[in-house]
Amino acid sequence: MAKSQTELRPLGKSVGRKEDPRFIRGMGRYIDDIVLPGMLYMSLVRSPYAHARIKHVDPSAALEAPGVKLVITGEDLAAMDLAWMPTMAGDKQMVLATGKVLYQYQEVAAVIAESREQAEDAAQLVDVEYEPLPAVVDPIQSLDPDAPVLREDREKKSNHIFHWEAGDKEATEELFRNAPVVVKQNVRFPRVHPSPLEPCGCVADYQSSTGKLTWYVTSQAPHAHRTVLSMVSGLPEHQIRVISPDVGGGFGNKVPVYPGYVCAIVASLKLGRPVKWIESRTENISSTGFARDYHMTAEIAAEEDGRVLALRVKTIADHGAFDAAADPSKFPAGLFSIVTGSYDFKESFVEVDGAYTNKAPGGIAYRCSFRVTEAAYLIERVMDVLARRVGVDPAELRKRDFIRKEQFPYQSPTGWTYDSGDYEKTLDLALEKIGYEELRKEQAEKRARGELMGIGISTFTEVVGAGPSHTFDIMGIKMFDSAQIRLHPTGKVLARLGVRHQGQGHETTFAQIIAEELGLSTEDVLIEEGDTDTAPYGLGTYASRSTPTAGGAAALCGRRIRDKAKKIASHLLEAGEDDVVWDGVSFSAKGLPDKSVTMKDIAFAAYTNVPEGMEPGLEATYYYDPPNLTFPHGAYIAVVDIDKGTGAVKVRRFLAVDDCGNVINPMIVDGQVHGGLTEGFAIAFMQDIPFDEDGNCLAPNWMDYLVPTALDTPHWETDRTVTPSPHHPIGAKGVGESPNVGSPAAFVNAVVDALAPLGVEHIDMPIFPWKVWEVLREHGVNK
Ligand code: MCN
Ligand code: CUN
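Residues numbered from 1 in each chain as written. Chains lettered and ligands numbered in written order. Predicted model: local features only at pLDDT ≥ 70, side-chain atom pairs only at ≥ 80, totals over all residues. Heavy atoms only, no water.

Visitor: Could you give me a rundown of the site of ligand 1, with the residues and numbers involved?
Guide: Residues in contact with ligand 1 amount to 33 residues; listed here are only the nearest, Gly250, His506, Ser546, Thr547 and Val735. In this structure, Thr547 approaches ligand 1 through a side-chain N or O atom, which is 2.6 Å from an oxygen atom. Contact with the protein chains covers 96% of the free accessible surface of ligand 1, which is 840 Å². If you list the elements that add at least two residues to the shell around ligand 1, you get helix 15 (506-518), helix 16 (547-573) and helix 18 (666-685). If you tally residues by element for the shell around ligand 1, the top one is helix 18, at three residues. Per-class residue counts for the shell around ligand 1 are 11 nonpolar, 18 polar and four charged. Each of two domains, domain 1 (3-27 + 481-624) and domain 3 (290-465 + 628-778), supplies a minimum of three residues to the shell around ligand 1. (Near = heavy atom within 4 Å. Polar contact = N/O pair within 3.5 Å; in protein donor to acceptor, adjacent residues only side chain to side chain. Areas by Shrake-Rupley, 256 points an atom, 1.4 Å probe, with all protein chains shown as cover. Helix = DSSP H or I, 4+ residues; strand = E, 2+ residues; numbered from the N terminus. Nonpolar A, V, L, I, M, F, W, Y, C, P; charged D, E, K, R; others polar. Domains from an automatic or database assignment.)

Okay, structure coming up:
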């Protein structure tokens, strides 16, 4: 192919990110950059107590303060029937507290003033009298029948939210009864928070003259937010325009609807002026969508050689005071039942019980793929426990138990149909690339000298691309996604998608998909997302669903355009349609390759010279309902050295071999992997949000809740295998969350491997140096 033609086949190439020039130069347009004429500012009054009755709320002093226009209390919202709002999980949540508060930093009142400073100063003057109640912070204690009932609004008089199970209980029990080997491990995945650089915020702009509300919001799912807003407020959906401008990091934190959003909208409706609300860092960490907090027990039944038979998992899930986990409706525990992972278990039985506690709500965030993070961590951790028990090398054990590539499409015991994979190939590449045998030799030498070196493996399976409408919906709305492509007469393209990126590079990768389908250059394709008035309906960007859903829509929409283009080409080439061939860049008449027309020529003809009877113009919309999810996988290996004096763990090497099917842009995939590994590293070694017994949040800022700097972060090595998805239009699988799903287990397995000579079998995250130091002391290393 000539060079110019190579450029016109951009799929699979590391095209530079089109969005970077504006991001790198500080020219992104984020929510706080939006300033409208007459705009007011809102600040929230929050509860200092985790559990308390509200005796009274008196806004009078705040109303007297300079610049204050309005104070909204829970009682005001109750009068409008807005004191509570529905959550995506089918629960309800207080907007502003009435009666009692259920977590520290809960929203109690909203103060709106001419400036942000005035709003914040006046918020201090709202007089709230509380009567403190005992707090319930431990989800296991919360499920005790004697625990105080937190949610007095519910009919059910307990803190139990839901029981959910998957798999075959009887068949699993049967295998456990007769199994030669059974291992059991308690594993906690701590409460963490994605803590995006830009916190949440919005500007609500209600125009009474037109009755139209324009709501600028840091949203990963603008259409879903618009529909929810319309259902809650009664405003007609077409009179609401949601605009999600550049999003400074989402990571699942920008999927839920927060009380501050509702208050800002109510304030704008009442005052007829735009109202801005931007969270502080502390507000973001303490009150918005956290992640994980799963207390899990796993048991594996196996043969003596480590061949697995059955997996049994019991989990207590801490959901905080309201069940606001943004899972698909039919999945209260997300996609956690993928917990059998990459291994060919004959049977499995998985149970999850959700519990209310006096903490902020959430649970679905931080590159979690709807709880696959918890599942992958658990199974990868416990496979190592099994390896140690049966005395088989953890790489070898995994190979014995892998689902083999001939078994795909693979039916898992908890009901998933894995689309494709080649686990052994991926692990082999990783072992070879890291020099596994050499490393084991080095480790043996070091162990003989009393040094602590560990090698940790994680060979995880991901499940992304929610999803097929027969199973996946949020609040009843089916989870397909969409693309719309418009070719202008000069052959330039405007394409809009139903998803909304937050830094993942869609402006580049979706341009690549469309350019590839149309034989154009990526420079010719402009991607727009995030405006509900212009973009086709879609459920947004989370759970690494954009490529599997909207990516499929983009490719098929391009093919729809090409179908019409072919008809125009036949007219221009004066050849029958059956004699017109597409070579990826242009159409020509069969046997006459010199006579050809490009998509640019056709675009012009679509507006100037269409065949008689044909509708002019060249645009199309495609709603893609995927037949299945996609199942990316990976093999990650961490090598660590532990300093016996300080307990500090140094990650000497980390190799991630990912398989996300066909790759659209290798550089962007590498970037996604680097970012996710950095987050997985932070989770493994430095992040946790603890609470004291009164429910005080002990890490609501970046002094106590740590985010890794460039100095902390290890050097990442990456590679890839490619097992295309058989059902996706371009064979791609999602990848955005894989590194966070797969890496924590590799880090922890490496640390446990290093400590194994001391008899250590497990250590819960986060692995702070002091924790390792204490383990060393307990085992007589440091006296
Ligand atoms: N890609 C590719 N080839 C593939 C798969 C993906 O080139 N085979 C590209 C995609 O086209 C896209 C990017 O990689 O540009 C990620 O694609 P995908 O895996 O489909 O994930 P999404 O676009 O749906 O992104 C969501 C995912 C999630 S859920 C979280 S959380 C997360 C993540 O992305 N949040 C992020 N990565 C993030 N990256 C940034 N910078 N900021 C966030 O908030
Ligand atoms: Cu679970 S975090 Mo991402 O799905 O937005």
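Visitor: Could you give an account of the sheet that holds strand 6 (residues 100-101), with specific residues and numbers?
Guide: Overall, antiparallel pairing links the three strands, which are arranged 6-2-8 in an open sheet. Either end of the sheet is taken by a strand with one partner, and the two such strands are strand 6 and strand 8 (127-132). Here strand 2 (residues 52-58) pairs with strand 6 via two bridges, running antiparallel. The residue of strand 6 that forms the bridge with Ala52 is Val101. (Pairing = 2+ DSSP bridges.)

Visitor: Residue-level account of the site of ligand 2, with values.
Guide: Surveying the vicinity of ligand 2 reveals the residues Gln220, Phe251, Gly252, Ala365, Tyr366, Arg367, Cys368, Ser369, Tyr542, Ala543 and Glu737. Within the contact set of ligand 2, an oxygen atom lies 2.9 Å away from a side-chain nitrogen or oxygen of Gln220. In the model, an oxygen atom of ligand 2 is placed 3.1 Å from a nitrogen or oxygen of the Gly252 main chain. Its residues placed into classes, the shell around ligand 2 shows six nonpolar, three polar and two charged.

Visitor: So what's going on with the packing of aromatic side chains? Which residues, and what values?
Guide: One pass over the full model with this rule turns up 29 aromatic pairs. Between Tyr294 and Phe336 the ring centres are 5.3 Å apart and the planes differ by 70°, which places this aromatic pair in the edge-to-face class. You can see Tyr294 sitting in strand 15 (residues 290-302) and its partner Phe336 sitting in the loop between strand 16 (308-320) and strand 17 (347-356), a full 42 residues away along the chain. According to the relative accessible area criterion, Tyr294 is buried, its value standing at 0%. (Phe/Tyr/Trp six-rings, centres within 6.5 Å; stacked < 30°, edge-to-face > 60°. Buried < 20%, exposed > 50% of the residue type's maximum accessible area, 1.4 Å probe, protein only.)

Visitor: Outline unusual backbone geometry, listing residues and values.
Guide: In this structure, the amide linkage connecting Phe408 to the following residue, Pro409, adopts the cis form with an omega of -5°. As for its position among the elements, Pro409 is in the loop between helix 12 (394-401) and strand 19 (410-411). In this structure, Pro766 follows Met765 across a cis peptide bond, with omega equal to -10°. In this fold, Pro766 is placed in the loop between helix 19 (738-755) and helix 20 (769-778). Here the phi dihedral of Phe370 falls at roughly 55°; this positive angle occurs in a residue that is not glycine. Tracing the backbone shows Phe370 in the loop between strand 18 (362-363) and helix 11 (372-390).

Visitor: A description of the domain arrangement of the protein chain should follow, citing residues and the corresponding values.
Guide: Here the domain parsing of the protein chain yields domain 1 (3-27 + 481-624), domain 2 (34-133 + 198-248 + 254-287) and domain 3 (290-465 + 628-778). Between the C-alpha centres of domain 1 and domain 2 the distance comes to 40 Å. Domain 1 puts 19 residues into the contact, and the matching count from domain 2 is 19 residues. Here domain 1 meets domain 2 over a buried area of about 1,500 Å², counting both sides, of which 46% is carbon and sulfur. The largest share of the area that domain 1 buries against domain 2 comes from Arg500, Thr532 and Tyr537, three residues that together contribute 39% of it. Two residues, Arg241 and Asp533, come together in a salt bridge whose shortest N-O distance is 3.5 Å. Counting every contact that joins domain 1 to domain 2 gives 10 residue pairs in polar contact (both at pLDDT 80 or more). Residues belonging to the side of domain 1 that touches domain 2 are distributed by class as follows: six nonpolar, eight polar and five charged. (Contact = heavy atoms within 4.5 Å. Buried area = accessible area lost by both parts, 1.4 Å probe. Salt bridge = Lys/Arg side-chain N within 4 Å of Asp/Glu carboxyl O.)

Visitor: Pulling in residues and values, what's your account of the sheet that holds strand 29 (residues 592-598)?
Guide: Taken in spatial order, the three strands of this open sheet run 27-28-29, and their pairing is antiparallel. Here the strands that pair on one side only, and so sit at the sheet edges, are strand 27 (580-582) and strand 29. Between one strand axis and the next, the sheet turns through 35° on average, direction left out of account. Where strand 28 (residues 586-589) meets strand 29, four bridges bridge the pair, whose relative direction is antiparallel. Considered in strand 29, the bridge of Ser588 is made with Ser596. Across the sheet, helix 17 (residues 599-608) lies against strand 27, strand 28 and strand 29, angled at about 55° from strand 29, the strand it touches most. (Axes fitted to C-alpha atoms, helices over the stretch in contact; angles between N-to-C directions.)

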